[in-house]
6 protein chains.
Amino acid sequence: MSRALCPGSFDPPTNGHVDVIKRCLSIFDHVVVAIVANPSKSSLFDSQERTAMLEELFKDDLDRLEIHAFSGLLVDFARERNVDVIVKGLRAVSDFEYELQMAQMNESLAGINTLFLPTNPEYGYLSSSLVKEVARMGGSVEGLVPPMVAAALKERYA
Amino acid sequence: MSRALCPGSFDPPTNGHVDVIKRCLSIFDHVVVAIVANPSKSSLFDSQERTAMLEELFKDDLDRLEIHAFSGLLVDFARERNVDVIVKGLRAVSDFEYELQMAQMNESLAGINTLFLPTNPEYGYLSSSLVKEVARMGGSVEGLVPPMVAAALKERYA
Amino acid sequence: MSRALCPGSFDPPTNGHVDVIKRCLSIFDHVVVAIVANPSKSSLFDSQERTAMLEELFKDDLDRLEIHAFSGLLVDFARERNVDVIVKGLRAVSDFEYELQMAQMNESLAGINTLFLPTNPEYGYLSSSLVKEVARMGGSVEGLVPPMVAAALKERYA
Amino acid sequence: MSRALCPGSFDPPTNGHVDVIKRCLSIFDHVVVAIVANPSKSSLFDSQERTAMLEELFKDDLDRLEIHAFSGLLVDFARERNVDVIVKGLRAVSDFEYELQMAQMNESLAGINTLFLPTNPEYGYLSSSLVKEVARMGGSVEGLVPPMVAAALKERYA
Amino acid sequence: MSRALCPGSFDPPTNGHVDVIKRCLSIFDHVVVAIVANPSKSSLFDSQERTAMLEELFKDDLDRLEIHAFSGLLVDFARERNVDVIVKGLRAVSDFEYELQMAQMNESLAGINTLFLPTNPEYGYLSSSLVKEVARMGGSVEGLVPPMVAAALKERYA
Amino acid sequence: MSRALCPGSFDPPTNGHVDVIKRCLSIFDHVVVAIVANPSKSSLFDSQERTAMLEELFKDDLDRLEIHAFSGLLVDFARERNVDVIVKGLRAVSDFEYELQMAQMNESLAGINTLFLPTNPEYGYLSSSLVKEVARMGGSVEGLVPPMVAAALKERYA
């Protein structure tokens, strides 16, 4: 039985994130989503809000999917949750280089492997920060995030 | 008749920017230069100063070139000015990846295409921020920016 | 009036090629498609066949689009056809580097600029050679090439 | 239960290949190694020799690992073997781009996902072709390939 | 006699930095280490602390190695110290692009060349900021930095 | 005293090659140019012709520069000539990745370091193969290669 860990900020979750988690569910037996609660960076939605959004989006998969906010070293969290591998979505070459450095550091710190899952090309341009910028300027984020997230963005920037 | 939009911060305009705009004028019938007035990032020169610099630098082309400061979504500005295409200068592979994401986002938001124009290799290392760093430390920016901009930098950092 | 040149092998044309040419037609007044007839590389379809395919695919645009096979230096052909700019579709970072070298060489040889048009992400994985490999092994190329090209591939590899 | 497919030429297997397959065994329940028998490219070792090498190198894991030579479309082989995902080792950014195009094509042809496993940095420079070049010129390949493969290379180039 | 300049922040020095400086000592007759004292970025260790660390780490090489903190333009410092070339360690492609722009700017400002030395792949994932992040969260930095630096990090984050 | 090795095919030498060798002479005490005589790839000029061209181009530097054709492993040649370091010109990111793999292989085989020297941006698009293609099609290679090489190309393709 293979257990995969999907870490991310998910501030907020986009259609790209949803696609990556869905594909992990089709490959692995069990998926742990780890919401990075970075205290040094201000977030638009707090950890509880992001957890609630993901729980709602994946409410039909919670028998094989667990969602946690965490802080500290990712490798400590990975060991605690007993996962076999970290899985990261990849959009672009520059993502790849940064993620490769993190993967090698995590392998060096704790012997845990990282696998990269290329994003659906349809969502290759999507990032939470771009989505927030569009929403903040009053643009439409339909098709970029789930309807529930679009509503939350609209309310937040009202 | 083809209308192209050249967006940028131009804080301040460099010889690389001047080269890109000149080449756009040789390709397209009409060129709209859009000075991004980003309120969340502090700039060295304000929008009016940057507009005045570009108007002076291209004073002989103003029949086919218009210069505007704008804030908000680029695609809204593009629609308002009725342009056919966005043109961005490209210096390097890492520029390309970021610009590609913006281009795909803009295509998704408003169906507008982006074309990339590689910078003259002679100016491939030039950026406004590098120029400001050199000027701030008292280095010579001759050959990097038009003389008028060099004078403004000297005055600002005096 | 802006005239753009779209060079390529088009052996055979894919949905990615069709998308790039269509977008050029939406940006420029006139588009010249140049089919590179490389004598040193064996092609699956000869220049006449490729010309006929493109003429059929763009039969409704031939008032603003011309299609020619050519051999020799691209810059000589560009001058002969009096184009303002070369436009190349770009799929990936590695494409970009090779194309950038060609663009700088062409600018150095003849003062002609090259603009890059990123491909639709939906077609980012498509190339004529991948399509031929799939068709040769009996896979389905539906959705990758126009139906007319799919039929020609099926016949050729029968 | 997760089944992963590791395709490659393995002509011959290097320490980098061995490392990737071992890490797949630590992540997935079952691993299928697919030796690509490309008829259009001449190989140093034929499919049987490469199969025998890998079977010897992984003789203690054959309850969870199967090794097959195949020709044709990878996605057809993947479906036939009922795998959940393709796993590819990645050494460098340029590998990534080519592999990304193949991954997107395979997803488009058959809905099968590809995960990328970065190689151990210690083996980041290793490739079968570089190993063969060193061996052909009489250099030592110790530390680059398993001893059994080193012996086979020595004999072949004697 | 060749004199090389190795600039960096060294906040703090990692095993990757030590490896690059050692290899410079094996190639060049004399090595000048320049600690960039960037006043606009807050550092964990101040210039004196970083100088003291490097002097301790290279105490046996001080006949051919000098260590200085500096602020201002690197090319001015290079001229003042009469070096023949700047040498920079390179970990990744994205490093390369940024460093290439700096190298071309420095060549343009002062005619001084920059050579790039690829880091040992074993240290390819290492950066001072990643090391600080691990130490701040209580992870072990053994094997990533010299013992003396590990002790200083532990004390600083206690 | 530092001895550098500059390997390459030089088929034929371009202005980019000349620029790299000149800059090596300004950095290192002694420079060894190694002309790779690859028997498996057909060359336009044979090893003697390429040696003669380089000797003529650098006739004023032969007290500090030696030119040799060689075949076999580069590291064996480097040891034989007692060099301290290999120096390679770099034009682009994709060059960098391939060269990085060669550098790591050479370090692994013989403990010899490789330094990378970015080419003058003015020559960033230049390669021997592009030059040969232009010359073969009757284009002008003035400004791309030394006059003596231009004459040899003209004669060869006459």
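Residues numbered from 1 in each chain as written. Chains lettered and ligands numbered in written order. Predicted model: local features only at pLDDT ≥ 70, side-chain atom pairs only at ≥ 80, totals over all residues. Heavy atoms only, no water.

## Some words on the relation of the copies chain A and chain D
Put simply, the second copy of the chain is the first one after a rotation about an axis and a shift along it.
Phase 1 of the analysis: By a simple turn and slide, chain A fits onto chain D: the slide is 0.0 Å along the axis, the RMSD is 0.0 Å, and the turn is 180°. Such a combination of rotation and displacement between the chain copies is what one expects of a two-fold axis.
Phase 2 of the analysis: Looking at the interface residues of chain A, 100% of them are also at the interface in chain D, so both copies use one shared face. (Least-squares fit on C-alpha atoms with pLDDT ≥ 70 in both. Contact = heavy atoms within 4.5 Å.)

## What to know about the relation of the copies chain E and chain A
Phase 1 of the analysis: Laying chain E over chain A is done by rotating through 120° and shifting 0.0 Å along the axis; what remains is an RMSD of 0.0 Å. In the structure described here, the two chain copies are related by an operation that fits a three-fold rotation axis. Ranked by how close their C-alpha atoms come to the rotation axis, the residues of chain E are headed by serine 94 of chain E, at 4.0 Å.

## Observations concerning the interface of chain A and chain D
Phase 1 of the analysis: Contact with chain A, which involves 26 residues of that partner, is made by 26 residues of chain D.
Phase 2 of the analysis: Both sides together, the interface formed by chain A and chain D hides about 2100 Å², and carbon and sulfur atoms give 63% of it.
Phase 3 of the analysis: Between chain A and chain D we count zero salt bridges in total.
Phase 4 of the analysis: Our count for the contact surface shared by chain A and chain D stands at five residue pairs in polar contact (both at pLDDT 80 or more).
Phase 5 of the analysis: If you list the elements that add at least two residues to the side of chain A that touches chain D, you get α1 (15-27), β4 (85-90), α4 (93-110) and β5 (114-118) of chain A.
Phase 6 of the analysis: When residues of the side of chain A that touches chain D are assigned to their parent elements, the largest contribution, six residues, is made by α4 of chain A. (Buried area = accessible area lost by both parts, 1.4 Å probe. Salt bridge = Lys/Arg side-chain N within 4 Å of Asp/Glu carboxyl O. Polar contact = N/O pair within 3.5 Å; in protein donor to acceptor, adjacent residues only side chain to side chain. Helix = DSSP H or I, 4+ residues; strand = E, 2+ residues; numbered from the N terminus.)

## Regarding the pairing of strand β2 (residues 30-36) of chain C
All names here are of chain C.
Phase 1 of the analysis: Of all seven residues in β2, six are buried, a share of seventy percent or more.
Phase 2 of the analysis: Across six bridges, strand β1 (residues 3-8) lies against β2 in parallel orientation. Among the inter-strand pairings, arginine 3 is bridged to a residue of β2, identified as histidine 30.
Phase 3 of the analysis: The parallel pair β1 and β2 is bridged by helix α1 (residues 15-27), and the resulting crossover is right-handed.
Phase 4 of the analysis: As judged from the six bridges shared by β2 and strand β3 (residues 65-70), these two strands associate in the parallel manner. Among the inter-strand pairings, valine 31 is bridged to a residue of β3, identified as leucine 65. (Buried < 20%, exposed > 50% of the residue type's maximum accessible area, 1.4 Å probe, protein only. Pairing = 2+ DSSP bridges. Right-handed = clockwise from strand over helix to strand, strands pointing away.)

## Regarding the confidence of the model for chain A
Atom-level detail of predicted coordinates should not be read off regions where pLDDT is low.
Phase 1 of the analysis: Per-chain confidence: chain A averages 92 in pLDDT, with 98% of residues scoring 70 or above.
Phase 2 of the analysis: Here the complex is predicted with pTM 0.92, and the ipTM for its interfaces comes to 0.91. (pLDDT = per-residue confidence, 0-100.)

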